Amino acid sequence: MTQDELKKAVGWAALEYVKPDTIVGVGTGSTASHFIDALATMKGKIEGAVSSSEASTAKLKSYGIPVFDCNEVDTLDIYVDGADEINHQMQMIKGGGAALTREKIIAGVAKTFICIVDGSKQVDILGKFPLPIEVIPMARSYVARELVKLGGLPEYRENVVTDNGNVILDIYNLNILDPIALENKINGIPGVVTVGLFANRGADIVLMGTDNGVKTIK
Ligand code: 5RP
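In this text the structure is predicted, and so the values were computed from the model without any measurement. (Residues numbered from 1 in each chain as written. Predicted model: local features only at pLDDT ≥ 70, side-chain atom pairs only at ≥ 80, totals over all residues. Heavy atoms only, no water.)

Undergrad: Talk me through the UniProt feature "active site" (unreviewed entry) in the protein; I want residue IDs and the actual numbers.
TA: Taken from the UniProt record, the annotation "active site" (unreviewed entry) applies to E103. Setting aside anything within four residues of it in sequence, one finds E103 in contact with T28, S52, Y79, D81, K94, G95 and F198. (UniProt positions renumbered as here; feature names shortened; annotations may be inferred. Contact = heavy atoms within 4.5 Å.)

Undergrad: Could you give me a rundown of the sheet that holds strand 3 (residues 67-68), with the residues and numbers involved?
TA: Strand order in the open sheet formed by seven strands is 3-2-1-4-7-13-14, with mixed pairing between adjacent strands. Two strands close off the open sheet at either side, each with one partner strand: strand 3 and strand 14 (213-217). Taken together, the two bridges between strand 1 (residues 23-26) and strand 4 (residues 76-81) define a ladder with parallel strand orientation. Considered in strand 4, the bridge of V26 is made with V80. Sheet strands in contact with helix 3 (residues 54-62) are strand 1, strand 2 (48-51) and strand 3, and its direction is about 165° off that of strand 2. (Pairing = 2+ DSSP bridges. Helix = DSSP H or I, 4+ residues; strand = E, 2+ residues; numbered from the N terminus. Axes fitted to C-alpha atoms, helices over the stretch in contact; angles between N-to-C directions.)

Undergrad: Tell me about the packing of helix 2 (residues 30-39) against helix 3, and name the residues and values.
TA: Closest axis-to-axis distance for the helix 2/helix 3 pair is 10 Å, and the angle between their directions is 20°. In terms of axis orientation, helix 2 runs roughly parallel to helix 3. Where helix 2 crosses over helix 3, the handedness of that crossing is right-handed. Along its contact with helix 2, which presents S33, I36, D37 and L39, the element helix 3 presents S56, K59 and L60. Residue composition of the contact of helix 2 with helix 3, grouped by class: three nonpolar, two polar and two charged. (Parallel < 35°, antiparallel > 145°, perpendicular 65-115°, else oblique. Left-handed = near helix turned anticlockwise from the far one by under 90°. Nonpolar A, V, L, I, M, F, W, Y, C, P; charged D, E, K, R; others polar.)

Undergrad: Hey, could you go over the site of the ligand for me, with residue numbers and the actual values?
TA: Around the ligand there are 17 residues in total, and S30, T31, D84, G95 and K121 lie nearest to it. The separation between an oxygen atom of the ligand and a polar side-chain atom of K7 is 2.9 Å. A distance of 2.8 Å separates an oxygen atom of the ligand from a polar atom in the backbone of G95. Contact with the protein chains covers 91% of the free accessible surface of the ligand, which is 380 Å². (Near = heavy atom within 4 Å. Polar contact = N/O pair within 3.5 Å; in protein donor to acceptor, adjacent residues only side chain to side chain. Areas by Shrake-Rupley, 256 points an atom, 1.4 Å probe, with all protein chains shown as cover.)

Undergrad: Account for the domain arrangement of the protein, naming residues and giving values.
TA: Note on interface size: it is often stated as the accessible area lost on association of the parts. What the domain assignment lists for the protein is domain 1 (3-123 + 200-217) and domain 2 (131-195). Of note, the centres of domain 1 and domain 2, computed from C-alpha atoms alone, are 24 Å apart. Contact with domain 1, which involves 15 residues of that partner, is made by 19 residues of domain 2. Both faces considered, domain 1 and domain 2 share a buried interface measuring about 1,300 Å² in area, 50% of it formed by carbon and sulfur atoms. Linking domain 1 with domain 2 are one salt bridge. Applying the counting criterion to the domain 1 and domain 2 interface returns eleven residue pairs in polar contact (both at pLDDT 80 or more). Of the residues forming the side of domain 1 that touches domain 2, the biggest block, four residues, is contributed by helix 4 (residues 100-109). Here the side of domain 1 that touches domain 2 is built from residues that sort into three nonpolar, eight polar and four charged. (Domains from an automatic or database assignment. Buried area = accessible area lost by both parts, 1.4 Å probe. Salt bridge = Lys/Arg side-chain N within 4 Å of Asp/Glu carboxyl O.)

Here you go:
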């Protein structure tokens, strides 16, 4: 199967976890986009969605699925989203699509985070995929210098402005042995909005697309 077929398989498999009359947390990216296609088949049976990006919001609305502001909901049963890397402890690197901050907020609101990935995303140690960090524009150079002190090689993601009006630094050369400690450390640098390490709040369920079918990991 191609990578996109594996992404589609997990996007549709996540539909099983959607309960009628609920508001569903929806992620961003090509795998989440398959989930939105699947979710559209439940239009009218769910109340709607909370979305992690303008791109996902546009797609949800194009299907006629109501999109709620995150402030309108106290809790969500599930949040369904992809990842750039995931380890065996279900901790992730996210933000390849620059939506990491809203993704982390919705993951925090949700009771259950369902991560949908193709098998190529699974790693033993996080860090081969450059770690995205959303940064307030005026802090870009300062934050980059602080990240060099941590052993990273920051690269400014050219021509990208996040949905929150900020910029992205991608950090190369990291071998993340203690994801929780690194998440806390980077989040403590002034000017950092969010680091795309999802370690304090990892996934609860992983649906992984493989050539032998969708594997469920809990
Ligand atoms: C967006 C994300 C995505 O979940 C991540 O980049 C994976 O994307 P894709 O499903 O396209 O492989 O974190 O900010």
